[in-house]
Amino acid sequence: MQVNLDLASNNVEEIRNEKLVIIGGGPAGLSAALYAGRADLRPLVLIGLQLGGQAALTNDIENYPGFVEGINGAEVGDLFLKQAEKFGAKMEYDLAESIDFSQQPYTIKTVNGQTIKTISIIIASGASPRLLNVPGEAELTGKGVSYCGTCDAFFFRDKEVIVVGGGDSALEEGLFLTRFANKVTVVHRRDELRAGAILEKRARANEKIDFIWDTVVETINGDGKVKSVTLKNLKTGEIQEFETDGVFIFIGHIPNSDFLGDELEKDSLGYVVSDRQMRTNIEGVFTAGEISDPDFRQVVTSAGMGAAAAIQATRYLEMKEE
């Protein structure tokens, strides 16, 4: 009998086996990698496409302890990475596409075609700011366009800025910005705010805050830095160019959790639910950073959560080996 060998059909999918996989290369993921590396776990870190997460979009970070003169956001990510690698963490620029939590070891499929089996996972995939998606926004991000007033307000001392949005985050950040800026103009697409009554009362009482109602940003204008925005009144259709030094956008965040499926518990907004020990509803799966933190969204808090998640993952894996 003659046997025809179809080599293509005999390709065996290569499966990697890892003890711990960390998903995300921002402050939470890289801090987790450092702690897990020091525990001799040799974690695999799927960085994603951008090292440093959202922090990398900030030109200068001046509120992270230890950097008296401040530090560039991208530089922070690079330092975090080098420190984690020093202790044996393995870094790869790849994205988790899906995770099968139905049985342990769990199976991770990546965008680059990898199949990874792992006993434990730390999910630190972060959240992305909801964008305006208008001309000039991408080009001027970090050059006057910001998604974090707490991070960047200092750079707008004695300047005039606009805040886009009408919810709690917009007013909280707008009030914070008044500590530095001469004037904060809140641009909202409706004729009333969505923020809570107390925040609205504070904002309306603040002499530095003005409001432009029923209006959206059509374009963000500038050459190397923000100089103005083009505004459109949704009721009258009137177009105006409004000079400003900065544009702070607070129209919500989107947790990067779509790839996680329905097995992992998430809240109504898509944030992963975890307890004080960073544990999710699935054994051996932990979370850290903005994927489960809709409130603080700071480099220092995300780093702390990453450290805590790694400590818990280490304890879990030690228990599994007993």
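Heads up: the structure comes first, above all this text.
Residues numbered from 1 in each chain as written. Predicted model: local features only at pLDDT ≥ 70, side-chain atom pairs only at ≥ 80, totals over all residues. Heavy atoms only, no water.

### Brief notes about a nonpolar patch on the surface
So, step 1. A surface patch of nonpolar side chains, amounting to about 300 Å² of accessible area, comprises Leu49, Leu95 and Val111.
So, step 2. Summarising the element assignment, Leu49 is placed in the loop between strand S2 (44-46) and helix H2 (73-86).
So, step 3. Using a relative accessible area of 71% as the deciding quantity, one classes Leu49 as exposed. (Patch = residues over 30% accessible without salt bridge, like charges linked within 9 Å, V, L, I, M, F, W, Y side chains within 5 Å. Areas by Shrake-Rupley, 256 points an atom, 1.4 Å probe, with all protein chains shown as cover. Salt bridge = Lys/Arg side-chain N within 4 Å of Asp/Glu carboxyl O. Helix = DSSP H or I, 4+ residues; strand = E, 2+ residues; numbered from the N terminus. Buried < 20%, exposed > 50% of the residue type's maximum accessible area, 1.4 Å probe, protein only.)

### Considering the pairing of strand S10 (residues 183-187)
So, step 1. Counted residue by residue, S10 has 4 buried out of 5 residues, so it is predominantly covered.
So, step 2. A crossover connection joins strand S9 (residues 160-164) to the parallel S10 through helix H4 (residues 168-177); in handedness this β-α-β unit is right-handed.
So, step 3. Bridging between S10 and strand S11 (residues 209-212) involves 4 bridges; their strand directions are parallel. Counterpart to Val187 in the pairing with S11 is Ile212. (Right-handed = clockwise from strand over helix to strand, strands pointing away. Pairing = 2+ DSSP bridges.)

### Quick notes on the nonpolar core
Side chains that are nonpolar tend, in soluble globular proteins, to be buried together.
So, step 1. Formed by 35 residues in total, the largest nonpolar core has its most connected members in Leu20, Ile22, Ala33, Ile61, Met91, Ile122 and Phe286.
So, step 2. Elements that contribute at least two residues to this core include exactly strand S1 (15-23), helix H1 (27-38), H2 and helix H6 (299-321).
So, step 3. Apart from the residues lying within four places of it in its own chain, the contact partners of Leu20 are Ala36, Leu41, Pro43, Leu44, Thr118, Ser120, Ile121, Ile122, Ala313 and Leu317.
So, step 4. In terms of nonpolar packing, the next biggest core, distinct from the first, is built from 21 residues, Val161, Val163, Leu175 and Ala195 among them. (Core = buried A, V, L, I, M, F, W, Y, C linked by side-chain atoms within 4.5 Å. Contact = heavy atoms within 4.5 Å.)

### Details of the packing of aromatic side chains
So, step 1. Scanning the entire structure with this criterion turns up 10 aromatic pairs.
So, step 2. Centroid distance Phe154 to Phe180: 6.1 Å. Interplanar angle 75°. Geometry classified as edge-to-face. Here the residue Phe154 occupies a position in the loop between helix H3 (149-152) and S9, and Phe180 occupies one in the loop between H4 and S10, the gap between them amounting to 26 residues.
So, step 3. For Phe154, a relative accessible area of 42% gives the class partly exposed.
So, step 4. For Phe180, a relative accessible area of 16% gives the class buried.
So, step 5. Judged by centre distance (5.8 Å) and plane angle (50°), the rings of Phe176 and Phe180 are tilted. (Phe/Tyr/Trp six-rings, centres within 6.5 Å; stacked < 30°, edge-to-face > 60°.)

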